[in-house]
Amino acid sequence: SQRQHTRLRTLKGARVVFEGSKTFDVTIRDMSEGGVKLKLGSPLALPKNFILVIHNPNTGIAETRSCELRWQRGDQAGAQFT
């Protein structure tokens, strides 16, 4: 496998933000230091570059990461943090 970082399985709510104001909710299925696997609510086409806002329910603080889409199959997608 070409993955550089160990992925940790998780189920976290997040939001994709692109073109400044377009947003939709996604679920993070697993995450590593280098990227994420996302489950989309519906098979929307993700843009090549987007912002991922990751909600932390424990702290109430949201983390923002810039992402580049690496692959997408239906409602599953993988993105690399940039």
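Owing to the predicted nature of the structure, the values given are computational and were not obtained by experimental measurement. (Residues numbered from 1 in each chain as written. Predicted model: local features only at pLDDT ≥ 70, side-chain atom pairs only at ≥ 80, totals over all residues. Heavy atoms only, no water.)

In this section: the packing of aromatic side chains. By the definition in use, this model includes 1 aromatic pair. Centroid distance Phe18 to Phe24: 5.8 Å. Interplanar angle 75 degrees. Geometry classified as edge-to-face. Judged on exposure class, the residue Phe18 and its partner Phe24 are both buried. Of note, Arg65 hangs over the ring of Phe81, and the distance from its end group to the ring centre comes to 3.9 Å. In this arrangement the basic side chain of Arg73 is found over the ring face of Trp71, its NZ or CZ atom lying 4.3 Å from the centre. (Phe/Tyr/Trp six-rings, centres within 6.5 Å; stacked < 30°, edge-to-face > 60°. Buried < 20%, exposed > 50% of the residue type's maximum accessible area, 1.4 Å probe, protein only. Lys NZ or Arg CZ within 6 Å of the ring centre and 35° of its normal.)

Another point: the pattern of salt bridges. Using the criterion set out here, one finds 6 salt bridges in the structure. The salt bridge partner of Lys22 is Glu19, with a shortest N-O separation of 2.8 Å. Residue Lys22 is classed as partly exposed on the basis of its relative accessible area of 42%. The structure contains a network of salt bridges with shared partners spanning Lys48, Glu68 and Arg70. (Salt bridge = Lys/Arg side-chain N within 4 Å of Asp/Glu carboxyl O.)

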